[in-house]
Amino acid sequence: MRNLKFNEVINVAAHMLTRGRLLKKTPFYSLDEMQHWQLNRIREGVEHAYAHIPFYHDHYTEAGFKPGDLKSWDDFRRLPCVTKDQVIANYPQRMLRSGFNLDELIVSRSSGSSGKVLDIAYDSTAMMTFVLAGLRLYKMCFTYRPWHKQAYVYTSPYPMNSLMGLYPLHFLSTLTPVNEILATLKKLKPELLVCYPSHLRQIVQAATAGDLAAIRPRAVSVNSEMSTQAERDYLSAQLQCPVLDEYSSEELTRIAAQCCHKTYHLFEDINYMETLDANGRQTGGVGTLVGTNLHNTAMPMIRYQQNDLGKIEETDCACGWKFRRLLNFEGRRNDSFVLPSGKLLSSGFLLDATYDFLLNHRTAIRDFCLIQRNQTQISLQIVPGEGWSGNVSQSISARFQEFLEPAVKFEIQVVEQCEKTRTGKRNPIINLMNRT
């Protein structure tokens with residue numbers, strides 16, 4: 001992403017007063033109030049997309065839909081969904097608002113789990129809203145003050161390193177060696193650490209008790225990779241601070257985050273989220289997550305298939321927020337494993353299974369990556385620790401044979417480093433059958 005221009009930073013400060021007030025109120029809207037507000041935003045967004053975005057004009061015309069047809073939620077659910085491949089194929093000319101200069105927009109790039117490059121362009125007003133939603137997210141963890149320092153381990157720097165000097169940010173590349181990350185954190189002593197779960201695990205494993213005491217953040221926010229609650233609880237105990245998960249994407253930005261009670265709250269004022277079954281119908285159970293961003297006019301995402309699996313429910317939380325909950329979040333569909341019988345093992349289930357042996361053999365395993373190479377071959381990459389032995393290997397193999405089918409060959413590969421993307425991000429569950 002490019003850095004924000006001076007006038008854009010000034011606008012961020014102004015938005016802290018206007019849009020910031022809205023983002024403080026909306027978590028406490030009733031369900032009816034929230035859905036009324038969302039439907040109005042969606043109606044405006046669909047009309048805008050039909051009139052100004054060539055892809056959406058043709059997409060809706062082919063489906064026999066016109067903006068004036070959208071009067072209810074049932075009308076909205078008749079809109080055709082949008083896939084990642086369609087976004088890639090139509091970017092930039094047909095996905096951007098007519099009249100926008102790409103150089104004036106803020107472009108974020110992601111390689112994605114499939115390896116396909118995906119660019120998403122935001123107008124500066126939308127980006128400012130997402131920045132403020134990020135501040136709110138961190139305030140779900142602890143009392144985040146304007147003078148508190150944030151260290152973030154990421155693929156590239158954010159568009160700004162502070163908000164007019166407030167909430168200072170310190171960037172560390174994901175490709176930085178863990179010993180250098182640790183040294184920087186000891187020197188900086190950030191109140192907030194934001195990173196991938198795999199990096200946090202490596203930091204904790206490399207740190208001495210003295211190192212952890214010297215760093216001691218007030219909270220850690222993890223994102224971008226799947227992790228289990230058991231893993232986050234363990235890391236939280238080591239760091240003696242909350243370790244909470246955030247769910248976001250380049251396409252939709254902020255989607256959900258855990259509050260201090262570990263509840264995943266959807267950010268209903270940023271996206272409207274649905275779950276669809278295999279036939280594209282609404283489901284109250286676990287389904288594919290589909291999102292509509294409510295702010296980005298430069299490159300709208302309307303009924304975008306996020307291709308993650310989860311369940312949405314309307315239940316109360318002790319924190320007081322009224323936003324719906326994201327339950328049974330199982331990660332990306334294309335990182336689930338398919339057995340010869342057709343049985344699906346979700347990435348969430350696989351993570352639970354692998355983290356179980358990490359807890360049981362803490363000194364034996366420094367890192368892992370579970371890979372399905374084809375329907376009958378699964379391998380587990382292990383970066384061994386001091387306690388690694390043949391007995392540990394046999395124990396892990398026996399554990400996996402409990403839920404794998406007889407036709408599946410399972411092997412353990414001892415490696416120096418698990419597979420990562422070129423940007424330094426690592427997915428602990430990889431299905432090579434779905435990669436193109």
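Located above this text is the structure these notes cover.
Each chain carries its own residue numbering, running from 1 in the direction its sequence is written. Totals for whole chains, interfaces and linings use all residues, but because this is a predicted model, local features are given only for residues with pLDDT of at least 70 and pairs of side-chain atoms are given and counted only at 80 or more. Values reported for side chains reflect all heavy atoms of the structure, with hydrogen atoms and water molecules removed beforehand.

From N to C terminus, the protein includes 13 helices and 19 strands. Computed with the Shrake-Rupley method and a 1.4 Å probe, the accessible areas treat only the protein chains shown as cover for residues. If you sum the accessible surface of the protein, you get close to 18,800 Å²; carbon and sulfur atoms cover 49% of it. Secondary structure follows DSSP: runs of H or I at least 4 residues long count as helices, runs of E at least 2 residues long count as strands, and numbering of each begins at the N terminus.

A few words now on the nonpolar core. A general trend in soluble globular proteins is that nonpolar side chains are found buried together. Core analysis: the biggest nonpolar cluster contains 77 residues, and Tyr56, Val87, Met299 and Leu326 have the highest contact counts within it. Looking at this core element by element, the count peaks at eight residues for helix 7 (residues 124-139). Throughout, a residue-residue contact means that at least one pair of heavy atoms, one from each residue, lies within 4.5 Å. What leucine 326 contacts, discounting residues up to four positions off in sequence, is Tyr247, Ala256, Tyr264, Leu266, Leu289, Gly310, Lys311 and Ile312. Take the buried residues of types Ala, Val, Leu, Ile, Met, Phe, Trp, Tyr and Cys, join any two whose side-chain atoms come within 4.5 Å, and each joined set is a nonpolar core. Each residue is assigned to one of three classes by its accessible area relative to the maximum for its type, calculated with a 1.4 Å probe on protein chains only: buried under 20%, partly exposed between the two thresholds, exposed over 50%. Counting 23 residues, the second largest nonpolar core, distinct from the first, contains Leu351, Leu404, Val408 and Phe410.

In this analysis, the expected span of each helix is defined as 1.5 Å times one less than the number of residues it contains. Look at helix 3 (residues 31-52): 31 Å from first C-alpha to last across 22 residues, which is about the 32 Å you get at 1.5 Å a residue. Of the residues making up helix 3, those classed as buried are Met34, Trp37, Gln38, Leu39, Ile42, Val46, His48, Ala49 and Tyr50. The elements touched by buried residues of helix 3 are helix 2 (19-25), helix 4 (54-62), helix 5 (73-76), strand 10 (271-276) and strand 11 (287-293).

Checked against the element boundaries, proline 92 lands in the loop between helix 6 (84-90) and strand 1 (106-110). As a C-alpha pair, proline 92 and leucine 102 span ten residues in sequence and 8.3 Å in three-dimensional space.

This next bit is on empty space enclosed by the protein. Both cavities and pockets are sets of points on a 1 Å grid over the protein atoms alone; in a cavity a 1.4 Å probe fits but cannot get out, in a pocket the set is open with protein on both sides within 12 Å along at least five of seven lines, and lining residues sit with an atom within 4 Å of a point. Grid points are joined across faces, edges and corners, and a volume is the space filled by probe spheres set on the points. The full count for this structure, using the stated rule, is one cavity of 30 Å³ or more. In this structure, the largest cavity encloses a volume near 40 Å³. Contributing to the lining of the largest cavity are Thr26, Tyr29, Ser30, Leu31, Met34, Glu268, Lys322, Phe323 and Arg324. Considering only residue class, the lining of the largest cavity consists of four nonpolar, two polar and three charged. Ten residue types, Ala, Val, Leu, Ile, Met, Phe, Trp, Tyr, Cys and Pro, are classed as nonpolar, four, Asp, Glu, Lys and Arg, as charged, and the remainder, Gly among them, as polar.

Looking now at the sheet that holds strand 19 (residues 429-431). Strand pairing is defined by DSSP finding a minimum of two bridges between the two strands. Strand order across the open sheet formed by four strands is 18-17-16-19, with mixed pairing between neighbours. Each having just a single partner strand, strand 18 (409-414) and strand 19 make up the two edges of the open sheet. Averaged over all neighbouring strand pairs, the angle between strand axes comes to 20°, with direction disregarded. Pairing between strand 16 (residues 365-374) and strand 17 (residues 377-384): eight bridges, direction antiparallel. Across the sheet, residue leucine 370 finds its bridge partner in strand 17, namely leucine 380. Lines fitted to C-alpha atoms define the axes here, with helix axes fitted over just the stretch in contact, and angles between the N-to-C directions of these axes take values from 0 to 180 degrees. Relative to the sheet, helix 13 (residues 390-401) contacts strand 16, strand 17 and strand 18, its axis offset from that of strand 18 by approximately 150°.

Within the secondary structure, glutamate 411 is located in strand 18. Residue classification places glutamate 411 among the partly exposed residues on the basis of a relative accessible area of 25%. Considered as a pair, glutamate 411 and phenylalanine 400 are eleven residues apart in the sequence and their alpha carbons are 9.9 Å apart. Excluding residues that lie within four positions of it along the chain, glutamate 411 makes contacts with Gln377, Ile378, Ser379 and Leu380.

Tracing the backbone through its elements, the reader meets arginine 201 in helix 9 (residues 197-206). In this structure arginine 201 comes out as buried when scored by relative accessible area, which is 7%. Counted as a polar contact is a pair of N or O atoms within 3.5 Å, where, for protein atoms, one must be capable of donating a hydrogen and the other of accepting one, and residues adjacent in sequence contribute only when both atoms are in side chains. Polar side-chain contacts of arginine 201 include one of 2.4 Å to the side chain of glutamate 231.

Pairing of aromatic side chains here covers Phe, Tyr and the six-membered ring of Trp, requires ring centres within 6.5 Å, and sorts the geometry by plane angle: under 30 degrees stacked, over 60 edge-to-face, intermediate tilted. Using the criterion set out here, one finds 17 aromatic pairs in the structure. Each ring, one from tyrosine 60 and one from phenylalanine 65, has its centre 5.9 Å from the other, and the planes form 65°; the classification is edge-to-face. Of the residues examined, tyrosine 60 reaches a relative accessible area of 1% and is grouped as buried. Ring plane angle 80° and centroid distance 5.8 Å describe the contact between tyrosine 122 and phenylalanine 130, whose orientation is recorded as edge-to-face. Across the pair, exposure class does not vary: tyrosine 122 and phenylalanine 130 are buried alike. Ring-over charges, as used throughout, are those where CZ of Arg or NZ of Lys falls within 6 Å of the ring centre and within 35 degrees of the ring normal. Over the aromatic face of phenylalanine 267 sits the side chain of arginine 136, whose NZ or CZ is 4.6 Å from the ring centroid.

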